[in-house]
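For reference, the chains in residue letters:
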Amino acid sequence: MSVIEVNNLTKYYGKARGIVDVSFNVEEGEIYGYIGPNGAGKSTTIRLFLSLIYPSDGEAKIFGKDCIQHGPEIRQDIGYLPSEVFYYDRMKVIDLLKYSASFYDKDCTARMHELAEIMELDLKRRIDDLSYGNKKKVGIVQGLLHQPKLIILDEPTAGLDPLMQQKFFNLIRDENEKGATVFFSSHILGEVQKMCRRVAIIREGSVVKIEDIKTLQKDNYKKIRIAGDGLDEEQFKLEGVTNLHRDNSAVNFFYKGDINKVTHLIGRREISDVTIEEPTLEEIFMHYYE
Amino acid sequence: MNIFLQEFKMNFKSVVTWSLSIAVFIMFYMGVYPTFAADAELINEMMANFPPELLMAFGMDQTDLSTVLGFFSFIFVLCQVMLAIQAANYGFSILSVEERDLTADFLLAKPVRRSRILTSKLLAALTGLTITNAVVWISSFTAVNLFRGERTFETQPFILLLLSIAVFQLVFLALGMFISLLVKKVRNVTPYSMGLAFGMYVLSAFGDMLGDAKLELITPFKHFEPHFIVNNGNYDLPLAYLSVSFIVVAIVGSYVLYSKRNIASAV
């Protein structure tokens, strides 16, 4: 079953583009990456899911129900961690968490304390006294205390130290193993690579590619570097070669297609060195953005 | 209920501050009344020397400041200004603060309907205003009875004055909220609420002076003009109904606008 179904979702802010004609599905139990640079439309998509804003066209369904018509009902099972966390300043952490818990039909007290302990959150502090990282922790506990079936993360790790990031990722993985679906938006590829099985790449408001992380990395592209005297990049203009460029005496390119064609090509030349490797996700990513 | 309590708690300090300030104001100015009334002849003579436009602007041309109610109605106008600022403050901030402080992302991601959020917030603000209202009643009764000396006054216009507060507050609360939803973002509430409250007051005061009857019609200060109520022992009903219709339109409009509103994000 698809937990999230997005069909031709479009949002314009007046004339400014938010997202255009975005479609994808997130299946139950997966950790789905949503990746793109700032301003690509990641937050717009998420805010549409939560009906913080309304679509100009198209629709989004969560748990098979329309996000707008069944908003309150759907949100009963959504945990949302916004990228920028600001909570009512004069409140204590514990009061904020209790307030948050009061919106859900179930008793969240036990899970709330458990999470606070994991994230090493001091419940008695006032929120305005907290550092950015600690506020972020409040956000995490607040978003997870009702054991949501769908967890929506919008650039969740900014402000957390590496140790906390690790704890946070473990927490998300645990929730995922217990059955929660995770929608993970980020511009940091490393974390998406670590966490997600599938990823949608969004660029200037449109999804340019949806793929398995593994496929994205393995099956598609090889990063090839050939060094040798008198090499000319013109010789390597095969079909499937992209990003061809030369630095000093080496020719670099990405190749997608039958690998034998390239090895034959290489075999016919006198070369001093060759490396064929999988490009990092970063490189693939940059590739999509060129 | 949870939103209501949270809102009420956050508002409570402000409610107490406003209530006490207005109470102190009433007590202090009514405290001047005994000396004032003793020299009433002198004062009335002095007033006669002021330009009539000025007296009109402050609504003093039709007011006999030597009587208890005359004096009280003069104070009451200034009370209305304060009540208007307070109510407009709450109205403008009720929804806009959530967007400005980005807490809307927290609240609206919870499983609640926007209409329920609005209703809870509205009731919380109304409760706060009602507390202030009650404090004005108590301090007005206390002050008037404490300082009237041997002079008597009619109870009915006095009660009518105080009864008008609730509607008066609601107009500014509702208008503030409605306007805050018409604009894209309210960065700072004070200029808006001051603008609305003083703007309406000036319109009423100078409308008197300029004798332009049309513009006055839109200001609640005119709808519940104290000296009219005191002199006639009744409301200027068609005008009072105008205030009520403002409330209805602004509140219904707010529900419609808020249910369609795109909540601004951090960036």
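Residues numbered from 1 in each chain as written. Chains lettered and ligands numbered in written order. Predicted model: local features only at pLDDT ≥ 70, side-chain atom pairs only at ≥ 80, totals over all residues.

> A description of the nonpolar core should follow, citing residues and the corresponding values.
A general feature of soluble globular proteins is that nonpolar side chains tend to end up buried together. If you look at the biggest cluster of nonpolar residues, it comprises 69 residues, and the most contacted ones within it are Ile62, Val141, Ile152, Val182, Phe183 and Phe184 of chain A. The residues touching valine 141 of chain A, leaving out its near neighbours within four places in the chain, are Leu97, Met112, Leu115, Ala116, Met119 and Leu121 of chain A. Core analysis: the second largest hydrophobic core is formed by 63 residues, Val77, Leu118, Leu161 and Val230 of chain B among them. (Core = buried A, V, L, I, M, F, W, Y, C linked by C-beta atoms within 7 Å. Buried ≥ 20, exposed ≤ 12 C-beta atoms within 10 Å, placed from the backbone. Contact = placed C-beta atoms within 7 Å.)

> Give me the lowdown on the sheet that holds strand β2 (residues 16-27) of chain A, citing residues and values where you can.
All names here are of chain A. One open sheet holds the 4 strands; their spatial order is β2-β1-β4-β5, and the pairing between them is antiparallel. Sheet topology places β2 and β5 (65-66) at the edges, where each strand pairs with a single neighbour. Both strand β4 (residues 57-62) and β5 contribute to a ladder of 2 bridges, which runs antiparallel. Bridging from a neighbouring strand, lysine 61 pairs with aspartate 66 of β5. Against the sheet, helix α1 (residues 42-49) touches β1 (2-13), β2 and β4, its axis set at about 65 degrees to β2. (Pairing = 2+ DSSP bridges. Helix = DSSP H or I, 4+ residues; strand = E, 2+ residues; numbered from the N terminus. Axes fitted to C-alpha atoms, helices over the stretch in contact; angles between N-to-C directions.)

> Please set out the interface of chain A and chain B residue by residue, giving values where relevant.
Facing 20 residues of chain A, the contacting portion of chain B comprises 19 residues. Those elements that provide at least two residues to the side of chain A that touches chain B are α1 and α2 (71-75) of chain A. Considering each element in turn, the side of chain A that touches chain B owes the most residues, 3 residues, to α2 of chain A. Among the residues making up the side of chain A that touches chain B, the classes are represented as 13 nonpolar, 3 polar and 4 charged. (Nonpolar A, V, L, I, M, F, W, Y, C, P; charged D, E, K, R; others polar.)

> So, unusual backbone geometry: which residues are in play, and what are the values?
All names here are of chain A. Backbone geometry places phenylalanine 63, a non-glycine residue, at a positive phi of 55 degrees. With respect to the element layout, phenylalanine 63 can be found in the loop between β4 and β5. Judged by the 20 C-beta atoms lying within 10 Å of it, phenylalanine 63 is buried. The phi angle at glutamate 120 is positive, at roughly 55 degrees, despite the residue not being glycine. Position of glutamate 120 among the secondary structure elements: in the loop between α4 (109-118) and α5 (132-144).

> With reference to specific residues and values, describe the sheet that holds strand β3 (residues 31-35) of chain A.
All names here are of chain A. Strand order in the open sheet made by the 6 strands is β6-β7-β8-β3-β9-β10, with mixed pairing throughout. Among the strands making up the open sheet, the edge pair consists of β6 (78-81) and β10 (206-212). Within this sheet the neighbouring strands show an average axis-to-axis angle of 15 degrees, counted without direction. Bridge count for β3 against strand β8 (residues 181-186) is 5 bridges, and the pairing is parallel. The partner of isoleucine 31 across the bridge, within β8, is valine 182. Of the strands in this sheet, β3, β7 (150-154), β8 and β9 (198-203) are in contact with α1, which crosses β7 at around 145 degrees. Packed on one face of the sheet, α5 meets β6 and β7 and runs near 170 degrees to β6.

Nothing here speaks to function; it is all geometry.
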